Structures are given as structure tokens and as C-alpha cells.
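Residue-level listing of the chains:
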Amino acid sequence: MEYRRFGNTIVVRMDPGEEIIEQVNAVVKAEDVKLAQINALGAINSFTTGAYNVAEQKYYSTDYTGAWEVVSLHGNVTTMDGKPYIHLHLAGGNHEGTMAGGHLNRAVIAATCELFITVIDGEVGRKKDPVTGLNIFKFD
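The structure contained in this document is the topic of the report that follows. Here the structure is a predicted model, which is why all the values come from computation and not from measurement. (Residues numbered from 1 in each chain as written. Predicted model: local features only at pLDDT ≥ 70, side-chain atom pairs only at ≥ 80, totals over all residues. Heavy atoms only, no water.)

**Examining the environment of asparagine 53**
Link 1 in the chain: One can find asparagine 53 in strand 3 (residues 36-53).
Link 2 in the chain: The spacing of asparagine 53 and glycine 133 is 80 residues in sequence and 9.9 Å in space, taken between C-alpha atoms.
Link 3 in the chain: Reaching out from asparagine 53, the side chain makes a polar contact with the backbone nitrogen of glutamate 56 at a distance of 2.9 Å. (Helix = DSSP H or I, 4+ residues; strand = E, 2+ residues; numbered from the N terminus. Polar contact = N/O pair within 3.5 Å; in protein donor to acceptor, adjacent residues only side chain to side chain.)

Pasting the structure below:
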């Protein structure tokens, strides 16, 4: 992985075998990012996404392997308990036109990932919501 910062935008290139969330965490820690928006595309060969069932307060995850294009990867960086909190969603497509996606748990790069982190001046935290069980925005 390599990255460069241009003002409030960090441009990241990830390489084969790297895991997206791990690399985003490394960049936001190195750059002390507290609040940001993320957009990316690329090619992956293994990923896990989930969908949250609010009534059960439980994620259901599905694993995928093979050649997948990252059609859309977006999300945000906030903080929780003083640490970066990365929240990403991914939509992927394969050569048959099948789409899969949801809340991103992990994704391994097959060719590259071109990712943009737009840093926002400020900080938004997270707190556990007792109604949904999710870690929602907390504005101080």
C-alpha cells in the first residue's frame, strides 16, 4: 500500500493480498484522521459482507471468492472509545453480472484498490444504541 495526502484528501493504492479495512486503519492512524468520507473501486478475490437484522440485533455474514470488481465501496471514519471506527459498505460484481454486497467485514485485493479518504475538520464519535444494537453517531 502507498498513499499521498493532498490537502484534505488522501489518495491510497492498495496492492494484491492486502486487506482493505486493515489498510484503511493503518492510514487513518498514521494521519490522525478523526472524521472522513471514503470512496473506492478496485478488484478483489475474497470478501465477506453482512446484513444486519434489527429485530434480532445480529449480523448475518456471507463469504465470497473468485474474481470480483468493486463496483462501489463507500463509508466513513469516526471514533469510538478514542480509536478510529471504520464503517464501510461494498458492492461487488463478477463476470456473470452477479452482484453481492453489504456491510464490509473484510476484502482481499486481487489487483488493486484505488481509495480516496476525504478528511473532514471535526470529530464525531459513536455510541451503542440500546434500541437497534448498532454503534450510532454521537455528537458531543
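**As for the side chain of serine 46**
Link 1 in the chain: Tracing the chain through its elements places serine 46 in strand 3.
Link 2 in the chain: For serine 46, a relative accessible area of 14% corresponds to the buried category.
Link 3 in the chain: A polar side-chain atom of serine 46 sits 2.7 Å from a polar atom in the side chain of arginine 106.
Link 4 in the chain: Setting aside its immediate chain neighbours within four residues, serine 46 contacts Tyr64, Thr65, Arg106, Ala107 and Val108. (Buried < 20%, exposed > 50% of the residue type's maximum accessible area, 1.4 Å probe, protein only. Contact = heavy atoms within 4.5 Å.)

**Digging into the layout of surface pockets**
Link 1 in the chain: Of the voids in this model, the largest pocket is the one considered here, and its volume is about 200 Å³.
Link 2 in the chain: Together, Tyr59, Tyr85, Ile86, His87, His103, Arg126, Lys128, Gly133, Leu134, Asn135 and Ile136 line the largest pocket.
Link 3 in the chain: Counting residues per element, the ones that place at least two in the lining of the largest pocket are strand 5 (83-93), strand 7 (125-128) and strand 8 (135-138).
Link 4 in the chain: For the lining of the largest pocket, the element with the highest residue contribution is strand 5, accounting for 3 residues. (1 Å grid on protein atoms, 1.4 Å probe; cavity = no way out; pocket = protein on both sides within 12 Å on 5 of 7 lines; lining within 4 Å. Points joined across faces, edges and corners; volume = space filled by probe spheres on them.)

**Let's talk about the side chain of histidine 103**
Link 1 in the chain: Looking at the secondary structure, you find histidine 103 in strand 6 (residues 99-119).
Link 2 in the chain: A distance of 3.4 Å separates a polar atom in the side chain of histidine 103 from a polar atom in the side chain of histidine 87.

**Side note on the nonpolar core**
Link 1 in the chain: If you look at the biggest cluster of nonpolar residues, it comprises 29 residues, and the most contacted ones within it are Ile20, Ile44, Leu73, Leu115 and Ile117.
Link 2 in the chain: For this core, the elements supplying multiple residues, two or more each, are strand 2 (9-14), helix 1 (20-30), strand 3, strand 4 (58-80), strand 5 and strand 6.
Link 3 in the chain: Considering each element in turn, this core owes the most residues, 8 residues, to strand 6.
Link 4 in the chain: Setting aside residues no more than four positions away along its own chain, isoleucine 117 makes contact with Asn8, Thr9, Ile10, Val12, Val27, Val28, Ala36, Gln37 and Ile38. (Core = buried A, V, L, I, M, F, W, Y, C linked by side-chain atoms within 4.5 Å.)

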